[in-house]
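Each chain, written out:
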Amino acid sequence: MIEILSGQMLETDHLFSYRGKIKSAELEEIGKKMEEKVNLAGAKRIGMPITVTYGVENDTMEIEILLPINRKISSTDEFCYKEKIKIVNALVAKHKGSPMKLQNTCNELNQ
């Protein structure tokens, strides 16, 4: 299920981030790795993941996954800590369902 909202603002603190070009099938594995790194650092996830799609080409997405966490942790080679983000006038698609179907949501948003 998808809900699309325009003119939205998103502001949040303490995020663990991944950005890269991936296939939709890789999304769940990256999310699990992020959760593992957060837990090993002694932090906790405090909200649902936020994804930012920069582009889609065939079955490959350039995406950023932002995981809200309860405190600052160290960045790694693969993942980056971000103190705060603020996005204004965003087009937001709320995806509910399997991560495997996120590509369908991205395709619908990009039409």
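Residues numbered from 1 in each chain as written. Predicted model: local features only at pLDDT ≥ 70, side-chain atom pairs only at ≥ 80, totals over all residues. Heavy atoms only, no water.

1. A word on the pattern of salt bridges
And step 1. Within the structure shown, the criterion is met by eight salt bridges.
And step 2. Across the pair Asp13 and Lys84 runs a salt bridge whose closest N-O atoms are separated by 3.5 Å. Taken together, the positions of Asp13 in strand E1 (residues 2-23) and Lys84 in strand E4 (residues 80-95) put the pair 71 residues apart, joining distant regions of the chain.
And step 3. Under the relative-accessibility criterion, Asp13 is labelled partly exposed at 39%.
And step 4. Three or more residues are tied together by salt bridges with common partners; here these are Glu11, Asp13 and Lys84. (Salt bridge = Lys/Arg side-chain N within 4 Å of Asp/Glu carboxyl O. Helix = DSSP H or I, 4+ residues; strand = E, 2+ residues; numbered from the N terminus. Buried < 20%, exposed > 50% of the residue type's maximum accessible area, 1.4 Å probe, protein only.)

2. Quick notes on the packing of aromatic side chains
And step 1. Summed over all chains, the structure comprises two aromatic pairs.
And step 2. A ring pair is formed by Phe16 and Phe79, whose centres lie 5.5 Å apart and whose planes are at 40°; its orientation type is tilted. Highlighted residues: Phe16 in strand E1 and Phe79 in the loop between strand E3 (60-68) and E4, separated in sequence by 63 residues. Both residues of the pair, Phe16 and Phe79, count as buried.
And step 3. Here the basic side chain of Arg19 rests over the ring of Tyr54, its NZ or CZ set 3.5 Å away from the ring centre. (Phe/Tyr/Trp six-rings, centres within 6.5 Å; stacked < 30°, edge-to-face > 60°. Lys NZ or Arg CZ within 6 Å of the ring centre and 35° of its normal.)

3. Topic: the sheet that holds E1
And step 1. One open sheet accounts for four strands, arranged E2-E3-E1-E4; its pairing is antiparallel. The open sheet has two edge strands, strand E2 (50-57) and E4, and neither has a second partner. Geometrically, the sheet is characterised by an average inter-axis angle of 45° between neighbouring strands, direction not taken into account.
And step 2. The sheet strands contacting helix H1 (residues 27-40) are E1 and E3, and the helix crosses E1 at an angle near 75°. (Pairing = 2+ DSSP bridges. Axes fitted to C-alpha atoms, helices over the stretch in contact; angles between N-to-C directions. Contact = heavy atoms within 4.5 Å.)

4. What to know about H1
And step 1. Taking 1.5 Å as the rise per residue, H1 with 14 residues should run 20 Å; its terminal C-alpha atoms sit 20 Å apart, in good agreement.
And step 2. Phi turns positive one or two residues past the end of H1, at Gly42, with a value near 80°. (Expected span 1.5 Å × (residues − 1).)

5. Focus on the nonpolar core
And step 1. Core analysis: the biggest nonpolar cluster contains 17 residues, and Phe16, Tyr18, Ile30, Met34, Val38 and Ile73 have the highest contact counts within it.
And step 2. Elements that contribute at least two residues to this core include exactly E1, H1 and E3.
And step 3. Discounting chain neighbours no more than four positions away, the residues touching Tyr18 are Ile30, Met34, Ile63, Glu64, Ile65, Glu78 and Phe79.
And step 4. Among the nonpolar cores identified, the runner-up in size contains five residues, and Leu15, Ile50, Val52 and Leu66 belong to it. (Core = buried A, V, L, I, M, F, W, Y, C linked by side-chain atoms within 4.5 Å.)

6. Here's the deal with unusual backbone geometry
Across the chain, the bulk of peptide bonds are trans and the bulk of non-glycine residues have phi less than zero.
And step 1. Phi is positive for His14, which is not a glycine, with a value near 55°.
And step 2. Locating His14 in the fold gives a position in strand E1.
And step 3. Classification of His14 as partly exposed rests on a relative accessible area of 23%.
And step 4. We note that Asn58 has phi near 55°; this positive angle belongs to a residue other than glycine.
And step 5. Turning to its location among the elements, Asn58 is positioned in the loop between E2 and E3.

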